[in-house]
Amino acid sequence: MMSRLSLFREGSLMTMSMSSSPTDLRQSTAVADSLSETVLPAVGGDAPLATPALRTAYAVVIVVPLLALIAAIALLWGPGVQPVHLYLLVGGYILTGLGITIGFHRLFTHKAFTTSRFMTAFWAILGSMAAEGSLFIWCGVHRVHHQFSDTHADPHSPHAVSARAVAIAEAHAAKIDAHRKASAIAGTADASADLDHDHHHHDHDDHAPGFRGLVSGFWHAHAGWLFRAHPADMERYIPDLRNDPVLRFVDRFFFLWLAVGLLIPGVIAGLVTQTWTGAALGVLWGGLVRILVVHHITWSINSACHLWGARDYVSHDHSRNNLIFGILGLGEGWHNNHHAFPTSARHGLAWWQFDLSWIIIRGMELVGLARNVRLPSPERLAAKRRTA
Ligand SMILES: [Zn+2]
Ligand SMILES: [Zn+2]
């Protein structure tokens, strides 16, 4: 009888206790086996650099959309821009952004709900079009982020540059191992229950001191981390995703979805304007500028939302609820809520915390497209509420 099998950090992203089907149990056992001993991923501020080819690729991915924006603005004085191009920018932002927030993040990384194979492919392809890396890499990095958030082993923390954060990460890994050994002896699978309540609070800012430290921490968390090697043992975090044939298919053809995501706005704009210039501007605004917007808003969840905002719930990191990115980030900016309750399909937990991704998941649930939608119970909400 497996009462609870959570190998991840407190409030775990993959607490399997709620799932009871044989498949889910097999999956959780597979994850358990693969993580039988905790190895600290060598990431964070001191992680080795990625290969030159990968660094070049990321430089292109960062710089080209920026150049596209400059070109798009410059071209306002020439061929200009038509309403269709702005609709494609906004519509493309919302659709591919939701591919990240609903698909890559809440559905695949955190298993906040289940859905059909068609909807799985739909969200996975939309998320791939956001050009934030292939599905497996995105989800693997993000699971590592949750397990080690704001410690030295976090792939993208604005705080993970201090020796203090290193110590916290090492203590945490040691503790997980100790709990596992203890539960193995006791013959239970309950390796994580105590971790829920007994954790390292590190409420002080760990980024290097001063304005320069803040800027370098911000840059590292925002996009600088892309130039570092992926977490060494990232594969161990995603065996459940790799087992899914639909996700394997979408992951393998990442570059195809990327190209399709650039072409579609060009085709639509070309049909609407009936000109080649209009089509090219469609690719520019609905493709490249849209990618720029999605990138920087997503990255702001990693940078700004671990620096500025309210901390309504107890989480063991610096995650914040940030109003601006709550709205712009399609609900993802309620990031302290998310770190406190990672498996929750809803991030904007208060009625006023606008969470477009949740509204759509709820809508999917109402029409039968989303099932097993996970939300924190009132008791858990009350228990984690920060009172001071
Ligand atoms: Zn975070
Ligand atoms: Zn998450």
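Residues numbered from 1 in each chain as written. Chains lettered and ligands numbered in written order. Predicted model: local features only at pLDDT ≥ 70, side-chain atom pairs only at ≥ 80, totals over all residues.

Regarding the overall build of the chain
When helices and strands are tallied, the chain shows 15 helices and two strands. For the chain, the proportion of its 388 residues judged to be buried stands at 47%. Long-range pairs, those at least 24 residues apart, make up 69% of the contacts in the chain with a sequence separation of at least 6. (Helix = DSSP H or I, 4+ residues; strand = E, 2+ residues; numbered from the N terminus. Buried ≥ 20, exposed ≤ 12 C-beta atoms within 10 Å, placed from the backbone. Contact = placed C-beta atoms within 7 Å.)

Looking at the nonpolar core
Nonpolar side chains tend toward joint burial in soluble globular proteins. Ranked by internal contacts, the top residues of the largest apolar core, which has 63 residues, are Phe-108, Leu-135, Cys-139 and Ile-361. Sort the elements by how many residues they give to this core and helix α11 (residues 276-302) lands first, with 12 residues. (Core = buried A, V, L, I, M, F, W, Y, C linked by C-beta atoms within 7 Å.)

Digging into the packing of helix α4 (residues 117-129) against helix α10 (residues 254-273)
At a minimum axis separation of 8 Å, α4 and α10 run at an interaxial angle of 75°. Overall, the two elements α4 and α10 adopt an arrangement that is roughly perpendicular. Note on element contacts: α10 touches α4 through Phe-254, Trp-257, Leu-258, Val-260 and Gly-261, opposite Ile-125, Ser-128 and Met-129. Looking at side-chain class alone, the contact of α4 with α10 contains six nonpolar, two polar and no charged residues. (Axes fitted to C-alpha atoms, helices over the stretch in contact; angles between N-to-C directions. Parallel < 35°, antiparallel > 145°, perpendicular 65-115°, else oblique. Nonpolar A, V, L, I, M, F, W, Y, C, P; charged D, E, K, R; others polar.)

What to know about α4
For α4, built from 13 residues, the straight-helix expectation of 18 Å at 1.5 Å per residue is met to within 8% by its first-to-last C-alpha distance of 18 Å. The complete set of buried residues in α4 reads Trp-123, Ala-124, Ile-125, Leu-126, Gly-127, Ser-128 and Met-129. Where α4 is buried, its residues meet α3 (83-109), α5 (135-147), α9 (245-252) and α10. Downstream of α4 by a residue or two, Ala-131 has a phi angle that is positive, lying close to 60°. (Expected span 1.5 Å × (residues − 1).)

Some details on α11
An ideal rise of 1.5 Å per residue puts 39 Å on 27 residues; α11 measures up with 38 Å between its terminal C-alpha atoms. Arg-290 marks where α11 bends most, by close to 30°. Across the 27 residues that make up α11, a large majority, 22, are buried. (Bend = angle between axes of the 7 residues up to and from the residue.)

Regarding unusual backbone geometry
The backbone phi angle of Ala-131 is positive, close to 60°, even though this residue is not glycine. Not every positive phi belongs to a glycine, and Asn-372 is a case in point at roughly 50°. Along the polypeptide, Asn-372 turns up in the loop between β2 (370-371) and α15 (378-384).

Considerations on the environment of Thr-120
By secondary structure assignment, the location of Thr-120 is in helix α4. Given 18 C-beta atoms within 10 Å, Thr-120 falls into the partly exposed group. C-alpha separation for the pair Thr-120 and Phe-108, spaced 12 residues apart in sequence, amounts to 8.7 Å. With near-sequence residues (within four places) excluded, Thr-120 lies in contact with Thr-115 and Val-246.

Re the environment of Val-141
Considering the arrangement of structural elements, one finds Val-141 in helix α5. C-alpha of Val-141 to C-alpha of Thr-109: the two residues are 32 residues apart in sequence and 9.5 Å apart in space. Not counting chain neighbours up to four residues away, the residues in contact with Val-141 comprise Pro-155, His-230, Pro-231 and Met-234.

Observations regarding the packing of α3 against α4
Running from N to C, α3 and α4 point in directions that differ by 120°, and their axes come no closer than 7 Å. Accordingly, the angle class assigned to the pair α3 and α4 is oblique. α3 and α4 meet at a crossing whose hand is left-handed. Across from Leu-95, Thr-96, Leu-98, Gly-99, Ile-100, Ile-102, Gly-103, Phe-104 and Leu-107 in α3, the residues of α4 making contact are Trp-123, Ala-124, Leu-126, Gly-127 and Met-129. Counted by class, the contact of α3 with α4 contains 10 nonpolar, four polar and no charged residues. (Left-handed = near helix turned anticlockwise from the far one by under 90°.)

Details of the confidence of the model for the chain
When pLDDT is averaged across the chain, the result is 82; 77% of the residues are at 70 or more. Segment residues 1-43: pLDDT under 50, and 85 contacts once partners within four positions in sequence are set aside and those in other chains are kept. Note on residues 188-204: pLDDT is under 50 here. Beyond four places in sequence and across chains, it has 32 contacts. (pLDDT = per-residue confidence, 0-100.)

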